[in-house]
Structures are given as structure tokens and as C-alpha cells.
Amino acid sequence: MSTPNGAVREITYGEAVREAIVEEMRRDPTVFMIGEDIGAAGNVFKILTGLQEEFGAARVIDSPISESGIAGIGVGAAMTGMRPIVEIMFGDFTTFVMDQMTNQAAKTHYMSGGKLRVPMVLRTTMGAGRASAAQHSQSLHAWLSHVPGMKVALPATPRDAKGLLKSAIRDDNPVAIFEDKMMYSVTGPVEEEEFLIPLGQAEIKRPGRDITIVATSSMVQEALTAAERLAQVGLEAEVVDPRTMVPLDTDTLVESAKRTSRAMIVDEGCERYGVTGELASVIADGAFYYLDAPVRRLGAMNVPVPFAPSLEEQTIPNADGIFETARTLCGAA
């Protein structure tokens, strides 16, 4: 398969992440990685296998088990001219790096009057579905999205994973990228030639006329599945992926809602005080006079993620819930 941009292959989400890191480390000697088990072990999900062999232990650094220390090294290195990629094994462990990210990385440029910058990437995971229980299954991307000075990306496809990560590495601001751990083996088309996806540019994954479904990360695939089912009952759903929480492409979200006159938000983070509320507010403010119904939200239940798979699957949104909510919102239930 080919496009005007060149050849396209089907690769996994994990392979796309690895490609982005390899290309940027080859291009720029100031880029390095640090994290737990990223070197000899190739990352807990085995997506970085071989990186340390190519770039050496000085650029792919196996760190002690100290998330705050890893993040602190990243902040300091970035302030002195390096471009670190800091890996936090599970997003749940971002609790240990909040001071470094929210009080140091996010504020240094502002507090130094523009004299200093922190061009670092914080890579971590999100998402339930692996029966990993309450301390390894959370989706905490709303936390860092709340902090001025941080940029936050949620890639939903292999192509987005590669293009957004490359842009994040080149950005002069601290960027947090949350990768859904259930998606590393998901395949999708990715160009062979180099490309970047700008931070702050949403994408319409599927056009439609009856309802806008704004979905993030793994919920994009759930929304696309629901959209296929909705088409079978005569409803055409437009699926919009913001791709980045910060900067947020409000224009694309609002214009889509204006066209369809109905909107719903789907995100795997807890619904209460989360991303769904913020995005619903953006659409309600920007498209109020065009809406034929209130904006609906679907997020995770406000409970710790259960260990038992039968309970876990009930706590997070899925295609069935999206389908039923959209039908109801369109008055077709």
C-alpha cells in the first residue's frame, strides 16, 4: 500500500513507539532515555528491546526504582541542554513525580523569565483491562492536563503514537505522553517516511452527520466499533480524537458538534472531575445554540479498578455503552 507520502506498513503501536524513539535518538545526540527496566529488559512490555545495544548504557539508562529521582534527573538534564525521555513504568506511579513535573518542569520557563526551558518527555501508561488491580490500572492523564506549563498527549493509533512522540521529543516544553498499555499489540498503517503530528491538532477518525463522539486513547477504538453498529440502525456518528489534551484543539471539537447538533464524550479516566467534564464544557460553551440535546459523558466509574476481570470490565466505558448512549441521545432508543 502506498500514498503520496510514500510506502505505508502495518506495524504495532509498540513498534511505532520504538521507531519514534530510535529515529529521534539517531537524529539528535542530546536525546536519551532513563527509566526502570528499559535497557537490558527492553521495558516491562518489551517494546524497547535492542535500544540499549544500539545506543549504549549511557543513552538508554536503567535506573534505580525511584520515580521521583528519575524525573528529577530528567528535569535537570533538560535544563542543561539535553532532551530526556523519562519512562515511568505505570501511570499510577506518576504520583511519585508530581512535584518534579508540576512544580519544577512545568513552571521553570515561567519562573526564570524565559531564560530556562525543560524540553523533556514523560512517557507512561494508562488504562485498565489487564487484571492488574487498583494500583496498576488507573488513567490519570487529567492530573497533568490540569497543570499550566505541561503538554499532554494521548495517542490512539500506531500512527499517532509515532507522530506525536516525535513532536513531543522536539518540543521545548515538558510533554507527558500516556500510552494505553492494552494497545501495544494493536496494528495500524504507519508511513515509512518521516512525519510529525503537531501537538494540538485533533483528527476526525470517522465522519458523520447525526452525533459527535469525542473519544480519547483506547476509547477511540470503542467509539469506532460503536459507530459501525450505529450505522446499521441508520445513525452516522462522527468520531473525533483530540489526540492531545494540552494544547486542545477546541475548534475541531466545537465545529463537529455544530454540524451534528449532538455530542458525547468518552474517556477511560474517572468521570468525576475528569476529562469528560472539561471537554463537555468546551462543547457546551462553543456550540450551545447548535445543540439539540445536552452533551453526554461516559467515563470510568468512581471506584478503584477491581482485580477480578468480570468486575473490572464493568467499570470502564465500552462499545456497548457508547452505542446505547448515542442511540438515546439521538432519540432512536
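Conventions adopted
- Residues numbered from 1 in each chain as written.
- Predicted model: local features only at pLDDT ≥ 70, side-chain atom pairs only at ≥ 80, totals over all residues.
- Heavy atoms only, no water.
- Domains from an automatic or database assignment.
- Contact = heavy atoms within 4.5 Å.
- Buried area = accessible area lost by both parts, 1.4 Å probe.
- Pairing = 2+ DSSP bridges.
- Helix = DSSP H or I, 4+ residues; strand = E, 2+ residues; numbered from the N terminus.
- Axes fitted to C-alpha atoms, helices over the stretch in contact; angles between N-to-C directions.
- 1 Å grid on protein atoms, 1.4 Å probe; cavity = no way out; pocket = protein on both sides within 12 Å on 5 of 7 lines; lining within 4 Å.
- Points joined across faces, edges and corners; volume = space filled by probe spheres on them.
- Nonpolar A, V, L, I, M, F, W, Y, C, P; charged D, E, K, R; others polar.
- Phe/Tyr/Trp six-rings, centres within 6.5 Å; stacked < 30°, edge-to-face > 60°.
- Buried < 20%, exposed > 50% of the residue type's maximum accessible area, 1.4 Å probe, protein only.

**Notes on the domain arrangement of the protein chain**
We note that the domain assignment places domain 1 (9–191) and domain 2 (203–329) within the protein chain. Each of domain 1 and domain 2 has a C-alpha centre, and these two points are 26 Å apart. Of the residues lining the interface, 26 residues belong to domain 1; the matching set on domain 2 comes to 25 residues. Taken together, both faces of the contact between domain 1 and domain 2 bury some 1,900 Å²; the carbon and sulfur share is 60%.

**Section: the sheet that holds strand β3 (residues 31–35)**
Overall, mixed pairing links the seven strands, which are arranged β4-β3-β5-β6-β8-β7-β13 in an open sheet. In this open sheet, the two edge strands, each paired with only one partner strand, are β4 (60–62) and β13 (244–246). Within this sheet the neighbouring strands show an average axis-to-axis angle of 20 degrees, counted without direction. Summarising the sheet, strand β7 (residues 151–153) and β13 pair through two bridges and their orientation is antiparallel. Bridging across to β13, Val152 finds its partner in Val246.

**A word on the layout of surface pockets**
Here the largest pocket is characterised by a volume of approximately 360 Å³. Lining the largest pocket are 24 residues, with Gln138, Ser139, Leu140, Gly269 and Cys270 sitting closest to its centre. Broken down by element, the residue count for the lining of the largest pocket peaks at four residues, all from strand β14 (residues 263–270). Residue composition of the lining of the largest pocket, grouped by class: 14 nonpolar, seven polar and three charged.

**Considerations on empty space enclosed by the protein**
Tallying each qualifying case throughout the model produces one cavity of 30 Å³ or more. The computed volume of the largest cavity comes to approximately 40 Å³.

**Concerning the packing of aromatic side chains**
A full pass over the atoms with the stated rule returns five aromatic pairs. Between Phe45 and Tyr184, the ring centres sit 5.2 Å apart and the planes meet at 40 degrees, which makes this aromatic pair tilted. Placement of the pair is Phe45 in the loop between β3 and α2 (51–55) and Tyr184 in the loop between β8 (175–180) and β9 (187–191), with a sequence separation of 139 residues. Like Tyr184, Phe45 is buried. Measuring from centroid to centroid gives 5.8 Å for Phe90 and Phe93, while their planes differ by 70 degrees, and the two rings are edge-to-face. Its relative accessible area of 8% is what places Phe90 among the buried residues.

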